[in-house]
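Listed here are the chains, written in short residue letters.
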Amino acid sequence: MPSLKDLRNRIASVKATQKITKAMQMVAAAKLRRAQAAAEAARPYAERMSVVLSNVAAGVAGRADAPRLLAGTGSDATHLLIVCTAERGLCGAFNSSIARLARDQAIALQRDGKIVKILCVGKKGYDLLRRQFKDQIIELVELRSVRQIGFNEAEQIGRKVLSLYQKGEFDVATLFYAKFRSVIQQLPTAQQIIPAEVTAAEEADGAKVIYEYEPDEAAILEDLLPRNVSIQILSALLENVASEMGAKMSAMDNATRNAGEMIKKYTLRYNRTRQAMITKELIEIISGAEAL
Amino acid sequence: MAEPFSFELVSPERLLFSEQVLAVVVPGTEGEFTVLKNMAPFMSTIKPGVITVTPVSGTSQRYFIRGGFADVSPTGLTILAEQAVPVESLDPNLIATEIKNAEEDLADATDDEAKSAAAQKIAQLKEAQAALAH
């Protein structure tokens, strides 16, 4: 049976924890708003890009001299998994669900006899995958010092991926991240970025527009495809930040509520103990007086 | 009198400009061109430089662009820029550092292809710098 003083201490410590989680929830909420705005602002570019890309790619698809980024290397023996996670924990199942998806995929690929290489973006994913895939992880990109993720960071990662591709280090690249649905729902997603998956151009407009190209189609595509890789990485990173903040917010909300319940429980116990002691003292005094 | 058409300037981070305009001058890789309403659809890469937008009313606006794409479609013009900044708020050092980076690339370049690409980039950037100067 804990003494009154123990209980008082415990209540104080839970209260302090509650204050911290509450503050973290508030910070996450503010950051979430910013991250959501950034993710939304980046959407028009990505949408236009995919429209332009599908227009151009439709003309080149199937040709023997199609760029390798579009047509692939012709084999799928080596897979690169780009696992984007957060730099910090305390955000519920966010990091582990992305890591789990990547792990399942990696195991499935290995079972099929493929070579798997992993590029980690974000420290948490690295920590989670390190034990099982120590030899497969080729690099860890940390974004801890970056306050607001922009095109520059995405481009750096994109360049890294592209130079690996040019050296023939892998055949297929897949991006793992969490799509932001709502504060309570984030969807771990795997998205193939190399070779580029081009959605068929919509021909709803009836007649297909005939474009002129300057310089020619192939040159434009050559310029467009690497940029597309960076853009996909950027939108994945931005979605990821929004998801992380959403997950953190609901995790911290839960923690705050749990702390509240705990405080209630301890306070009840504290008061019961206190009353029991008072009753006990009264009985002692009364029985003492009666004995006289 | 030129007719207005819709013009959108998009950078990876946000939509910078989306309005009806009368004309836009775009620095294409193979020469500068002006887009007016009802142009034949075509697509071009852009070199670093300045685009000049003539809005329906008011004075023309200038934006510095670091490479990208122009997509002229029947519905209007869309520019996908790697980076776009209004000329007024452009940091003059930005281009200077870009040139320095390109020069370093040139120094590091080992094969001829990379060398010529870097040299071309320097030329384009210097041109853009000159265009901004006046």
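What counts as what
- Residues numbered from 1 in each chain as written.
- Chains lettered and ligands numbered in written order.
- Predicted model: local features only at pLDDT ≥ 70, side-chain atom pairs only at ≥ 80, totals over all residues.
- Heavy atoms only, no water.
- Helix = DSSP H or I, 4+ residues; strand = E, 2+ residues; numbered from the N terminus.
- Rg over C-alpha atoms; globule rule 2.2 N^0.38 Å.
- Buried < 20%, exposed > 50% of the residue type's maximum accessible area, 1.4 Å probe, protein only.
- Contact = heavy atoms within 4.5 Å.
- Areas by Shrake-Rupley, 256 points an atom, 1.4 Å probe, with all protein chains shown as cover.
- Lys, Arg positive; Asp, Glu negative; His and termini not counted.
- Charge placed at Lys NZ, Arg CZ, Asp CG, Glu CD.
- Disulfide = S-S within 2.5 Å.
- Buried area = accessible area lost by both parts, 1.4 Å probe.
- Salt bridge = Lys/Arg side-chain N within 4 Å of Asp/Glu carboxyl O.
- Polar contact = N/O pair within 3.5 Å; in protein donor to acceptor, adjacent residues only side chain to side chain.
- Nonpolar A, V, L, I, M, F, W, Y, C, P; charged D, E, K, R; others polar.
- Pairing = 2+ DSSP bridges.
- Axes fitted to C-alpha atoms, helices over the stretch in contact; angles between N-to-C directions.
- Parallel < 35°, antiparallel > 145°, perpendicular 65-115°, else oblique.
- Left-handed = near helix turned anticlockwise from the far one by under 90°.
- Domains from an automatic or database assignment.
- pLDDT = per-residue confidence, 0-100.

Q: For this particular structure, what's the right way to read the overall build of chain A?
A: Secondary structure assignment for chain A yields 6 helices and 6 strands. Secondary structure of chain A in N-to-C order comes out as α-α-β-α-β-α-β-α-β-β-β-α. Scaling as 2.2 N^0.38, a compact globule of 292 residues should have a C-alpha radius of gyration of about 19 Å, whereas chain A reaches 28 Å, well beyond that. If you line up chain A on its principal axes, its C-alpha atoms span 115 × 40 × 35 Å. Relative to its full complement of 292 residues, chain A shows a buried share of 43%. Residue pairs in contact within chain A that sit at least 24 positions apart in sequence constitute 77% of those at least 6 positions apart. Only carbon and sulfur atoms are counted for the fraction: they give 52% of the accessible area of chain A, which is about 16,000 Å². Averaging the coordinates of the 41 positive side-chain charges in chain A and doing the same for the 33 negative ones gives two points 14 Å apart.

Q: How should I be thinking about the state of the cysteines in this particular structure?
A: Each disulfide consists of one covalent bond between the sulfur atoms belonging to two cysteines. Residue and element names in this part refer to chain A. A full pass over the atoms with the stated rule returns 0 disulfides over all chains. Residue Cys 91 stays outside any disulfide, its sulfur separated by 14 Å from that of Cys 84, the closest cysteine. Residue Cys 91 is classed as buried on the basis of its relative accessible area of 1%.

Q: Whenever I open this one, the interface of chain A and chain B confuses me. Can you help?
A: Accessible area lost upon the coming together of the parts serves often as the stated size of an interface. If you look at the interface, chain A gives 25 residues, while chain B gives 27 residues. Taken together, both faces of the contact between chain A and chain B bury some 2,200 Å²; the carbon and sulfur share is 63%. Scanning the region where chain A abuts chain B turns up 3 salt bridges. A:Arg227 serves as the salt-bridge partner of B:Glu82, at 3.3 Å between the closest nitrogen and oxygen. Where chain A packs against chain B, one counts 2 residue pairs in polar contact (both at pLDDT 80 or more). At the level of secondary structure, the elements contributing two or more residues to the side of chain A that touches chain B comprise α1 (4-60), α5 (151-166), β6 (212-214) and α6 (217-291) of chain A. Sort the elements by how many residues they give to the side of chain A that touches chain B and α1(A) lands first, with 9 residues. Per-class residue counts for the side of chain A that touches chain B are 18 nonpolar, 1 polar and 6 charged. Where β6(A) and strand β4 (residues 42-46) of chain B come together, 3 bridges link them in parallel fashion. Each bridged residue has a counterpart across the sheet, and for A:Glu214 the counterpart in β4(B) is B:Ser44.

Q: Looking at this model, I keep getting lost on the sheet that holds strand β3 (residues 137-141) of chain A. Mind explaining?
A: Whenever strands of a sheet pair, they do so through backbone hydrogen bonds, lying parallel or antiparallel. All names here are of chain A. The strand order across the open sheet formed by 5 strands is β3-β2-β1-β4-β5, and the pairing between neighbours is mixed. Taken across any chain shown, the strands that pair with only one partner, and hence form the sheet edges, are β3 and β5 (186-194). Pairwise comparison of adjacent strand axes, ignoring direction, gives a mean angle of 20° for this sheet. Here strand β1 (residues 78-84) pairs with strand β4 (residues 172-180) via 5 bridges, running parallel.

Q: Just checking my understanding: could you explain the packing of α5(A) against α6(A) for this structure?
A: Two packed helices can be described by the angle between their axes and the distance between those axes. Residues and elements named next belong to chain A. In contact at an axis separation of 8 Å, α5 and α6 are set at 125° when each is read in the N-to-C sense. Here α5 lies oblique to α6, going by the angle between them. Judged by the twist between their axes, the crossing of α5 over α6 is right-handed. In this structure, α5 contributes Phe 151, Ala 154, Glu 155, Ile 157, Gly 158 and Leu 162 to the contact, and α6 contributes Pro 226, Val 229, Ser 230, Ile 231, Ile 233, Leu 234 and Leu 237.

Q: What is the right way to read the domain arrangement of chain B from this model?
A: Residue and element names in this part refer to chain B. You can read the domains of chain B as domain 1 (5-87) and domain 2 (91-133). Computed from C-alpha coordinates alone, the two centres of domain 1 and domain 2 are separated by 22 Å. Between domain 1 and domain 2, the residue contacts involve 9 residues of the former and 9 residues of the latter. Buried area between domain 1 and domain 2, both sides added, is near 810 Å², and the carbon and sulfur share of it is 67%. The largest share of the area that domain 1 buries against domain 2 comes from Lys 47, Pro 48 and Phe 64, three residues that together contribute 52% of it. For the pair domain 1 and domain 2, the interface holds 0 salt bridges. The tally of links between domain 1 and domain 2 comes to 0 residue pairs in polar contact (both at pLDDT 80 or more). For the side of domain 1 that touches domain 2, the elements supplying multiple residues, two or more each, are β5 (49-55) and β6 (61-65).

Q: Where do I start with the confidence of the model for chain A in this structure?
A: Should the pLDDT be low somewhere, the predicted coordinates at that spot are not to be read in detail. All names here are of chain A. Per-residue confidence for chain A gives a mean pLDDT of 86, with 93% of residues at or over 70. Across chain A, the secondary-structure element scoring lowest on mean pLDDT is helix α2 (residues 68-71), at 76, and the one scoring highest is helix α3 (residues 94-111), at 93. When the criterion is pLDDT under 50, residues 203-207 qualifies, and its contacts beyond four places in sequence or with other chains add up to 1 contact.

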